[in-house]
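Inside the fold
What follows is each chain in one-letter form.
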4 protein chains.
Amino acid sequence: MPEPAASCDIQIRVRYSETDAMGFLHHARYFIYFEEGRTELLRRNGLRYRDMEQRGIFYVVARLECRFRAPARYDDLLTLTTTTEKLTRVRVDHRYKLARDGQLLAEASSTLVLVGRDGRPTSLPDDYFETLSGATPQPR
Amino acid sequence: MPEPAASCDIQIRVRYSETDAMGFLHHARYFIYFEEGRTELLRRNGLRYRDMEQRGIFYVVARLECRFRAPARYDDLLTLTTTTEKLTRVRVDHRYKLARDGQLLAEASSTLVLVGRDGRPTSLPDDYFETLSGATPQPR
Amino acid sequence: MPEPAASCDIQIRVRYSETDAMGFLHHARYFIYFEEGRTELLRRNGLRYRDMEQRGIFYVVARLECRFRAPARYDDLLTLTTTTEKLTRVRVDHRYKLARDGQLLAEASSTLVLVGRDGRPTSLPDDYFETLSGATPQPR
Amino acid sequence: MPEPAASCDIQIRVRYSETDAMGFLHHARYFIYFEEGRTELLRRNGLRYRDMEQRGIFYVVARLECRFRAPARYDDLLTLTTTTEKLTRVRVDHRYKLARDGQLLAEASSTLVLVGRDGRPTSLPDDYFETLSGATPQPR
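Residues numbered from 1 in each chain as written. Chains lettered and ligands numbered in written order. Predicted model: local features only at pLDDT ≥ 70, side-chain atom pairs only at ≥ 80, totals over all residues.

Things to note about the relation of the copies chain D and chain B
To be explicit about the condition: Superposing the copies works by least squares over the C-alpha atoms of residues that have pLDDT at least 70 in both of them. Working definition of a contact: two residues with C-beta atoms, positioned from the backbone, lying within 7 Å.
With an RMSD of 0.0 Å, the fit of chain D onto chain B corresponds to turning through 180° and sliding 0.0 Å along the axis. What we have between these two chains is a two-fold relation. Across chain D, the smallest distance between a C-alpha and the rotation axis is recorded for Glu65(D), namely 2.1 Å. Looking at chain D, 100% of its interface residues are interface residues in chain B too, so the copies touch through the same face.

Pasting the structure below:
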């Protein structure tokens, strides 16, 4: 059993295809990294998002916000910290920090809500909720 | 009823997000344009690929080939010519020419095969085949 | 001379490559559409962002925020409304509304700041500022 | 000093954003993986492509070809084998094999040519050529 974790770090190297004519990591690509961060945070807690989807449970993004502090470039090795801030049975809030060699490049937050195959709101099954809520601070 | 057409031209403007640090349209993005060309060629023939998928019929890419002659840049207005070269009930071959102001930038070809929801080979329904084969040269 | 405009609508058709396994337009792709909206809003005012970059003036994204109301799907024809909310010589704030057949799918806002080739803050040249500020509400 | 290597394997996990509505890794994304393979093959030989670009030497893609054998899906952990087939001072040919658990998913090849900042053909500097040609079969 993995230790429950509300946060995890992953390393991401900037691909050439993710840069733009300015020579920087394109701003839309940060959200792709954040999504990878969420996938890996689940995995650290022994869960796979792909299994959730096979059970007909989907997290859809309801809100995104990002502040860009400094640019990243091709081949930079970045550290992404993904943190679950608040988890309920119907939604989850995350925070993200993207850094290179200790320098903060971007800070972001997201809200995801749960839907079923029909696109209607649904709630997290007991087994997922127990694992994930053991790992994250509870809303009061 | 639209005239059956084996070929169509569309205009595509290069987005900033599609460029790379070299300042050029990134090579992987050409294939996204070619896919858009196929969608629009079907539409010119009165068909929508989205309707095919709703009927459980999917075109999957089996082969791609592209020769890059000259670079495209951000904000360039390009003309993509998509041509059906050969159509059978189980596969289709296309050719593509991408140009800017009459200058050829890239030439490509693709082979797509038909699969069902289960990923197994399937064949084009009669109504699609009749419409599309009326528009394209027949293999001998 | 075009009429100065603080807002413009463009039509965008969702590409297959922009969808994800959920069958929806992927959330990171919305920001690519918003960037296209900004490019076209400049063009309606007789300016080209590519010319700005050739003069060594770059708009970089400092902040993005988006609320997703309803999903978009492959081949949907969307209307994006891009509005300049506030313009100074060193930054610009935009708002975006993305809709399909009158149904609001997403609302967003962004802040861009001006930098030079060296990545340092710079300000908009007089000719750009005059054209654009004629088109947008002035900050007080 | 690293051992000269004509080939290297890297692991790539399929991101959600790289899938499409069919549920598969989108065909244009394979070329992004191949580019990452080339970057890592250089790194195994003690070179960084970013350093080449800073010296004003750019590899541009002249030709791509890919055969798709079986689909990849979200969260699949893939192994990409990138091999330098032929290296001269003005061009390089690579081969790629993408597999999952030993099953071949795609085979591809590419030709890249060297250009300078002005977009004109140029040739590989001596130090790069010596390192890389030590690692790859020589053309006759």
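A look at the interface of chain C and chain A
The condition that has to hold: For helices the rule is a DSSP run of H or I covering at least 4 residues; for strands it is a run of E covering at least 2, with both sets numbered from the N terminus onward. Charged residues are taken to be Asp, Glu, Lys and Arg, nonpolar residues to be Ala, Val, Leu, Ile, Met, Phe, Trp, Tyr, Cys and Pro, and polar residues to be all remaining types, Gly included. Any two strands are treated as partners once DSSP identifies two or more bridges connecting them.
Every contact between the two is made by 14 residues of chain C and, on the other side, 14 residues of chain A. Contributions of two or more residues to the side of chain C that touches chain A are made by helix 1 (30-44) and strand 2 (58-68) of chain C. If one sorts the elements of the side of chain C that touches chain A by residue count, strand 2 of chain C sits on top with nine residues. Looking at the side of chain C that touches chain A residue by residue, the class counts come to 10 nonpolar, one polar and three charged. Bridge count for strand 2 (residues 58-68) of chain A against strand 2 of chain C is five bridges, and the pairing is antiparallel. In the strand pairing of strand 2 of chain C, Arg67(A) is matched with Arg63(C).

Describing the sheet that holds strand 2 (residues 58-68) of chain D
Our working definition: For helices, the axis comes from a line fit to the C-alpha atoms of the stretch in contact; other axes are also lines fit to C-alpha atoms, and the angle between any two N-to-C directions lies between 0 and 180 degrees.
Here we have 10 strands laid out as an open sheet, ordered 1(B)-3(B)-4(B)-5(B)-2(B)-2(D)-5(D)-4(D)-3(D)-1(D), and antiparallel in their pairing. Both edges of this open sheet fall to strand 1 (7-13) of chain B together with strand 1 (7-13) of chain D, since each of them pairs with a single strand only. Each strand axis lies, on average, 25° off the axis of its neighbour in the sheet, ignoring direction. Here 10 bridges tie strand 2 (residues 58-68) of chain B to strand 5 (residues 103-115) of chain B, and the two strands are oriented antiparallel to one another. Bridge pairing links Cys66(B) to Ala108(B) in strand 5 of chain B. Strand contacts of helix 1 (residues 30-44) of chain B: strand 1, strand 2, strand 3 (77-87), strand 4 (91-100) and strand 5 of chain B, with the helix running at about 135° to strand 1 of chain B, the strand carrying the most contacts.

A look at the relation of the copies chain C and chain A
With an RMSD of 0.0 Å, the fit of chain C onto chain A corresponds to turning through 180° and sliding 0.0 Å along the axis. A symmetric contact is evident, with 100% of the interface residues of chain C recurring at the interface of chain A.

Section: the sheet that holds strand 2 of chain C
A sheet is described by the order of its strands in space; here 10 strands give the open sequence 1(A)-3(A)-4(A)-5(A)-2(A)-2(C)-5(C)-4(C)-3(C)-1(C), paired in antiparallel fashion. The open sheet has two edge strands with one neighbour each: strand 1 (7-13) of chain A together with strand 1 (7-13) of chain C. When the angles between neighbouring strand axes are averaged without regard to direction, this sheet yields 25°. As defined by bridge partners, strand 4 (residues 91-100) of chain C adjoins strand 5 (residues 103-115) of chain C across 10 bridges and the pair is classed as antiparallel. When the sheet's bridge partners are listed, Tyr96(C) is paired in strand 5 of chain C with Ala108(C). On the sheet, helix 1 of chain C packs against strand 1, strand 2, strand 3 (77-87), strand 4 and strand 5 of chain C and is oriented at approximately 135° with respect to strand 1 of chain C.

Description of helix 1 (residues 30-44) of chain D
Residue and element names in this part refer to chain D. Going by this rule: For a helix, the expected span equals 1.5 Å multiplied by the number of residues minus one. The exposure label follows from counting other C-beta atoms within 10 Å of a residue's C-beta, where the C-beta atoms are placed from the backbone and the thresholds are 20 or more for buried and 12 or fewer for exposed, leaving partly exposed in between.
The terminal C-alpha atoms of helix 1, which comprises 15 residues, lie 21 Å apart, in line with the 21 Å expected from a rise of 1.5 Å per residue. Counting buried positions over the 15 residues of helix 1 gives 11, a clear majority of the element. Its buried side turned inward, helix 1 meets strand 1, helix 2 (49-54), strand 2, strand 3 (77-87), strand 4 (91-100) and strand 5 (103-115).

Focus on the interface of chain D and chain B
Listed per partner, the contact involves 14 residues of chain D and 14 residues of chain B. Listing elements by their share of the side of chain D that touches chain B, those giving two or more residues are helix 1 and strand 2 of chain D. Residue contributions to the side of chain D that touches chain B peak at nine residues, all from strand 2 of chain D. A class-by-class count of the residues in the side of chain D that touches chain B yields 10 nonpolar, one polar and three charged.

Some thoughts on unusual backbone geometry
Non-glycine residue Asp75(B) carries a positive phi angle of around 80°. Tracing the backbone shows Asp75(B) in the loop between strand 2 and strand 3. Asp75(B) sits in the partly exposed class, given 18 other C-beta atoms within 10 Å. Positive phi is not limited to glycine here, since Asp101(D) has a value of about 50°. In this structure, Asp101(D) sits in the loop between strand 4 and strand 5. Overall, the presence of 8 C-beta atoms within 10 Å leaves Asp101(D) in the exposed class.

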